[in-house]
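For reference, the chains in residue letters:
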Amino acid sequence: MTKQFAQIIVDVPTMQTNQPYTYIVPQNMVDSLMLGMRVTVPFGARQVMGFVVGLISQTELSEEQLRPITKILDLTPVINTELLSLSSYLAEETFAFRITILQTMLPSAFKANYERTIKIIDEVDEDVRERIFKGLDEIPFKSSDFNDTDIAMLLKLRRQHKIEVTIEVHNKVKIKTQLAYQFSNDIAFLEEELEGLNKSAKKQKIVLQFILGHLGETWAKKELQEVLGLSNEIFNQAAIKKWLKKTQVELLRDPFRSEVQPTELLKLNQQQQEAYEQVVGASDTHKFQPFLLEGITGSGKTEVYLQAAQHVFEQEKTVLFLVPEIALTPQMVRRVKGRFGAQTAVLHSGLSDGERYDEWRRIERGDVKIVVGARSAVFAPLDNIGLIIVDEEHETTYKQSDNPRYDARKIALWRGDYYQIPVVLGSATPSLESRARAQKGIYELLTLTERAGDAKLPSVQIIDMKETLAQGPETNFSNELRIQLIDRLEKGEQTVLMLNRRGFSSFVMCRDCGYVPCDPNCNLAMTLHMDTHTLKCHYCGHEESIPTVCAQCGSNRIRYYGTGTEKVEAELHELLPKARVIRMDQDTTRKKGSMDRMLQKFGNHEADILLGTQMIAKGLDFPDVTLVGVLNADTSLGLPDFHASERTFQLLTQVSGRAGRAQKPGEVFVQTFNPQHYAIAYAQKHDYEGFYRQEMAIRHAGNYAPYYYTVQIQASHSEENQVAMQMLKVAHWLRLHADKNVIILGPSPKPIAKMRKRYYFQIILKFKQRHEMDKLLQELQYRAQKAKGDLQLSIDRDPVSFM
DNA sequence: AGCACGCCGACT
DNA sequence: GTCGGCGTGCTC
């Protein structure tokens, strides 16, 4: 029985429309419409885009209630059945609309672009015809083209049925197509035709025989002509005789294929070999098995990944390899491409919409074996995955910070379960939650404790900055670190200096009254920018000149406080005038490719010191770096977040790993005001396991993750009173309906309470039973949307930051 | 989101 | 009396 009805998720992101709607599939679409295609459908008075998420032959709704699909937008499905079911899981998991999830899965080229046209269908005013329609019957309509009175008039004319508005749905990015021929697959018919062919019809015979050899296939006209060397005319005849039919296929831009040096397989050491065999074993037995690969920096995790991938290819399966965006460096890409050549797709943030679309198509068509990419690459349309790798699994960038707030690690595990394959989560400093799962046996723990090539872990010195500052003037450099810097400079060895700036920046403060200039919109301390000599708000972009007199007490002793990379660079220059310094921070790396250029320069020894923020902690590998300095270890300890210690430990461990990779031993100097803090002490000893145990005890005592689920409810409003009041109501409602064991904290203003002229409040929930809470949260979401007013509420499961 | 329907104030 | 203001609710 033919499927007559289609279930469509429409492109209307609201709570009330977050469900499939049923449409009639017109007779002429029955053959071509497939699950996962996009269509346009009438929805109320207009046309909208929608995704086909179901095809059914029966419906409870009566025919009069149903309307037919207007148009099919795709030649082939853009969402496969696996991703379709992933989308419904994710919609629940992230409290997002299904349509939002579906759009997130696809390159933005597939987003709908609604083009309106207005058309005169009855007598209208001469003025309107001339002034608005420029004497034409039909014009494109963009609301920005008209003022309010004109729009009001046009609306009126429409109500009087004097003009008509039509909407066409297009792709956001133009998809190029070319003429192609789809061969018939009716053997009997074709053979009959071949029999009945006139002897002189040699060309027709060639075509027919070719079709018989490629039954049902689709060939681009250009290619077919090249192969057969025949003219258009013959194919047109073939089309008339129904041997083949004309169709359109996509024309793909030639994928960029740079030549890469093949990389050699490295010999695995004992531990690597064991890890490799475990992963490959799970792959061979077709079993869903998450692994936590806990390997110290430099222990060769990547080689394990690559060889396991190689094994999976031999089974004709594909690999999904996720890395944090920051690790998606040309070096890393070169390494993978070198091993697997052109069958590698790389998805990174630098691609244009068109390029991203092309890579997506290559993956979707099965042209690639391995996809390397950051967070959003977890939706790569691979359909025969044999292995999923999540490198640096502790990285918070795997969690998207705005809607839909999905976690790529969870999705990786979901897809792994779907395909019954191994999923490898790798890190030197696993997230507490992953390490705890390994403890419980949910993940299998694989450990690498040896550095490749006999390299030793660097020695780490902790320096108490309280003492440094007690002895002398304000400075960013302790005596100890200063001595080391001079020493490296003399020896011609390189240094990496990290300024920990998480949630911290340089600002201006009055030394007499403590006044700090804040910007008028966000009420945040403004950041000092020496290059433009201004104060800027990091969040809204507000900018003003640096004051010379305190606005509060009139003192002229208002000056810089805190530290920025520029200031450190200046001090460094004073200290070591001869040292060549490269400064890397958000300002100097904003331009595309500038980060790579700087790293290359440093790698070529064109500088002695690399000074940067967190971004330099990850994945860089320079053999001549023998000294790493962390200027202020503790700014990340002071965050209003239970992850603060974990983040600090991870950061220190990561940055320490930059020292002494090759034969030369490395040294690390960590400056801090909290030398006794356990996160710093364990980082000094390179003792992840010790840190893990202590931090787990603290999490346990404080009822934090991974012992409890955490959910953050945040709301914003343009009026402070409103958001405070509404959130009090929400908290009250939750306390009324939630189980007694649910811990409800707040509401309280967020640490950054005002941003872009809106006030933010949050409520934190901690609980153990997920399902009951999920229902309640769905209900909350629904009510929040129905409630009128300017309140915006969002729910974030397992938030990675409370800022 | 958009769009229609519907119920109240100020106007040709 | 009608036009048009926006509040309310629905869209297969």
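Residues numbered from 1 in each chain as written. Chains lettered and ligands numbered in written order. Predicted model: local features only at pLDDT ≥ 70, side-chain atom pairs only at ≥ 80, totals over all residues. Heavy atoms only, no water.

## Focus on the protein's contact with DNA strand C
Stage number 1. Close to DNA strand C lie 13 residues; T22, P42, G44, Q65 and R67 are nearest.
Stage number 2. Here the atoms of DNA strand C within 4 Å of the protein split so that 52% fall in sugar or phosphate, with bases taking the remainder.
Stage number 3. Interatomic distance of 2.7 Å between a backbone N/O atom of T22 and a base oxygen of DNA strand C.
Stage number 4. Note that a phosphate oxygen of DNA strand C is positioned 2.8 Å from one of the side-chain N or O atoms of R67.
Stage number 5. Elements with a contribution of two residues or more to the surface near DNA strand C: β2 (21-24) and β3 (38-43). (Near = heavy atom within 4 Å. Polar contact = N/O pair within 3.5 Å; in protein donor to acceptor, adjacent residues only side chain to side chain. Helix = DSSP H or I, 4+ residues; strand = E, 2+ residues; numbered from the N terminus.)

## Considerations on the protein's contact with DNA strand B
Stage number 1. With respect to spatial proximity, the complete set of residues near DNA strand B consists of V12, T14, A45, R46, R116 and R158.
Stage number 2. Of the residues belonging to the surface near DNA strand B, the class tally is two nonpolar, one polar and three charged. (Nonpolar A, V, L, I, M, F, W, Y, C, P; charged D, E, K, R; others polar.)

## Some thoughts on the pairing of strand β33 (residues 792-797)
Stage number 1. Burial within β33 is extensive, with five of its six residues counted as buried.
Stage number 2. In this sheet, β33 lies alongside strand β30 (residues 709-717) in antiparallel orientation, the contact comprising six bridges. Paired with S716 across the strands is Q792, a residue of β33. (Buried < 20%, exposed > 50% of the residue type's maximum accessible area, 1.4 Å probe, protein only. Pairing = 2+ DSSP bridges.)

## Structural notes on the UniProt feature "domain: Helicase ATP-binding" (unreviewed entry) in chain A
Stage number 1. Those places that UniProt annotates as "domain: Helicase ATP-binding" (unreviewed entry) correspond, in this numbering, to residues 282-448.
Stage number 2. The straight-line gap between the two end C-alpha atoms of residues 282-448 is 19 Å; of that span, 37% is helix and 22% is strand. (UniProt positions renumbered as here; feature names shortened; annotations may be inferred.)

## Description of the nonpolar core
Stage number 1. If you look at the biggest cluster of nonpolar residues, it comprises 57 residues, and the most contacted ones within it are F51, I79, L322 and V371.
Stage number 2. If one sorts the elements of this core by residue count, helix α13 (residues 408-419) sits on top with six residues.
Stage number 3. Listed in part, the 39 residues of the second largest apolar core include M584, V625, A679 and I680. (Core = buried A, V, L, I, M, F, W, Y, C linked by side-chain atoms within 4.5 Å.)

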